Amino acid sequence: MSMVRELARALGALVLAGVLLVMTAAPGRAFGSARPVPGPVVRGFDPPTEDWLPGHRGVDLAATAGSPVRAAAAGRVSVAQTIAGRGVVTIVHGDLRTTYEPVRASVRVGQQVRAGDVIGTVQAGHCAGGCLHFGLKRGDQYLDPLGDEFGSSGPVRLLPASAVALARRLAAQRAAALASGDHGSGSGVLLNPVGGRISSPFGRRFHPIFHEWRLHEGVDLHASCGTPIRAAADGVVRSVSYDSSGGHRLVIAHGGGLTTHYLHAQGYNVRRGQHVRRGQVVGRVGSTGWSTGCHLHLTVKVNGRLVNPSRYL
């Protein structure tokens, strides 16, 4: 796993360089480098827990009929046709694809477009006051096109091409480590969910509220209230709950019998059964339950047994 640690350090430097290049970008903008229409959100992202259940699998942006619709990022048009009486345009961006509807298309299938290129005009009928439905998918997974994982950092093109290959190799090694149960000390298998330092380590400690020696079943990570909490690895949400001790609590199941547990949040924006990606924002730091201040408590278990989270970060 020493190679994983070396790759993680190298990737961290590349990501930092990318962040410095884009840190002036406006927070909360849509996926890519261009917003399809300038109007505000009239209905947000609310995906169903199961594919067949009702939900909202994208965002609706206010726009009057006839307004130009722009490609959110560079890509290739894969759909430009009327489906069930609604004009639909879909653009492929590597392993992601964006969908725009209802749109009267001005592009054709197979056409290459750049970010900001006009791909059509808004048609009436989706919202009473007029709007564009904007969707984002990776494979069969619906993603939030206005989510923090896309809105704050801009497209990957701002990093050198070598960083993409390195990230993919590192992700493949993390996935293999999770699947095999090979979780060596300091392996980097897990992402630090808030990026903060460990303010209280795993092990026995004098409890700050009950004033007695108890086992601290995880680590406390320093972070201000409202800080985004990110999934430590790819996985499936096992439970989202609330109790008097942990406050708002989230459990995510990963490969190799490993689970991560997030406590004391303001709340979470994911649901039981939902698939999440490493680094995806799943909630916000808070101070609910038995807590003396804003922080994230992270517990890690392997096959149901407590382990020291710092071994995996």
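Shown above is the structure to which this text applies.
Since we're looking at a predicted model, the values are computed, not measured.

S.K.: Please give an account of the overall build of the protein chain that cites residues and values.
M.R.: Looking only at helices and strands, one finds three helices and 24 strands in the protein chain. Put simply, the protein chain has 313 residues, and 41% of those count as buried. Across the protein chain, the fraction of contacts at a sequence separation of at least 24, relative to all contacts at a separation of at least 6, is 63%.

S.K.: I'd love a proper account of the packing of aromatic side chains, names of residues and values included.
M.R.: Summed over the entire model, instances satisfying the criterion amount to one aromatic pair. Lying across the ring of tyrosine 142, arginine 57 places its NZ or CZ 5.6 Å from the centre. Positioned above the aromatic ring of tyrosine 142, the side-chain terminus of lysine 137 is 4.3 Å from the ring centre.

S.K.: Provide a residue-level description of the environment of glycine 256, including the pertinent values.
M.R.: Checked against the element boundaries, glycine 256 lands in the loop between strand S18 (247-253) and strand S19 (258-265). Residues glycine 256 and asparagine 303 lie 47 residues apart in sequence; the distance between their C-alpha atoms is 8.0 Å.

S.K.: Talk me through the environment of glycine 273; I want residue IDs and the actual numbers.
M.R.: When you line up the elements, glycine 273 lands in the loop between strand S20 (267-268) and strand S21 (275-276). Taking the C-alpha atoms as reference points, glycine 273 and alanine 253, separated by 20 residues in sequence, lie 9.9 Å from one another.

S.K.: Before we move on, could you go through the pattern of salt bridges and cite the residues and values that matter?
M.R.: Using the criterion set out here, one finds five salt bridges in the structure. With a shortest N-O distance of 3.0 Å, glutamate 101 and arginine 86 are connected by a salt bridge. Taken together, the residues glutamate 101 in strand S6 (residues 96-101) and arginine 86 in strand S5 (residues 86-93) connect sequence positions 15 residues apart.

S.K.: Tell me about the sheet that holds strand S22 (residues 281-284), residues and numbers included.
M.R.: Strands sit in the order S16-S22-S20 across an open sheet of three strands; the sheet is antiparallel. Of all the strands in the sheet, just strand S16 (228-230) and S20 have a single pairing partner and so form its edges. In this sheet, S22 lies alongside S16 in antiparallel orientation, the contact comprising three bridges. Each residue of the ladder has a partner; that of isoleucine 229, found in S22, is glycine 283.

S.K.: Lay out the sheet that holds strand S9 (residues 118-122) in plain terms, naming residues and giving numbers.
M.R.: Within the open sheet, the three strands sit side by side as S3-S9-S7. Their pairing is antiparallel. In the strand order of this sheet, the two ends are held by strand S3 (68-70) and strand S7 (103-105), each with one partner. If you compare each strand with its neighbour and ignore which way they point, the axes differ by 40° on average. Inspection of the sheet shows S7 paired to S9 by three bridges, in the antiparallel sense. Bridged to valine 103 within S9 is valine 122.

S.K.: How would you explain the nonpolar core if you had to name every residue and give the values?
M.R.: If you look at the biggest cluster of nonpolar residues, it comprises 27 residues, and the most contacted ones within it are Leu190, Ile229, Leu250 and Tyr262. Only strand S15 (219-222), S18, S19 and strand S23 (295-302) provide two or more residues apiece to this core. Among the elements that make up this core, the one with the highest residue count is S23 (four residues). Contacts of leucine 250, omitting those with residues within four sequence positions, involve Val237, Ser239, Val240, Thr260, His261, Tyr262, Tyr268, Val270 and Val282. One finds Ala63, Val69, Val77 and Tyr100 within the second-largest nonpolar core, a separate group that totals 24 residues.

S.K.: Describe the state of the cysteines, naming the residues involved and giving the relevant values.
M.R.: In the structure shown here, the tally under the stated rule is two disulfides. Cysteine 127 shares a disulfide with cysteine 131; S-S distance 1.9 Å. The S-S bond linking cysteine 127 to cysteine 131 shows a torsion near 65°; that makes this disulfide right-handed.

S.K.: Lay out the pairing of strand S17 (residues 235-243) in plain terms, naming residues and giving numbers.
M.R.: Note that S17 and S21 share two bridges and pair antiparallel. If you follow valine 236 over to S21, its bridge partner there is histidine 275. Inspection of the sheet shows S17 paired to S18 by seven bridges, in the antiparallel sense. Bridge assignment links valine 236 to a residue of S18, and that residue is alanine 253. Where S17 folds back onto S18 in an antiparallel hairpin, the turn is made up of three residues.

Calculation criteria
- Residues numbered from 1 in each chain as written.
- Predicted model: local features only at pLDDT ≥ 70, side-chain atom pairs only at ≥ 80, totals over all residues.
- Heavy atoms only, no water.
- Helix = DSSP H or I, 4+ residues; strand = E, 2+ residues; numbered from the N terminus.
- Buried < 20%, exposed > 50% of the residue type's maximum accessible area, 1.4 Å probe, protein only.
- Contact = heavy atoms within 4.5 Å.
- Phe/Tyr/Trp six-rings, centres within 6.5 Å; stacked < 30°, edge-to-face > 60°.
- Lys NZ or Arg CZ within 6 Å of the ring centre and 35° of its normal.
- Salt bridge = Lys/Arg side-chain N within 4 Å of Asp/Glu carboxyl O.
- Pairing = 2+ DSSP bridges.
- Axes fitted to C-alpha atoms, helices over the stretch in contact; angles between N-to-C directions.
- Core = buried A, V, L, I, M, F, W, Y, C linked by side-chain atoms within 4.5 Å.
- Disulfide = S-S within 2.5 Å.

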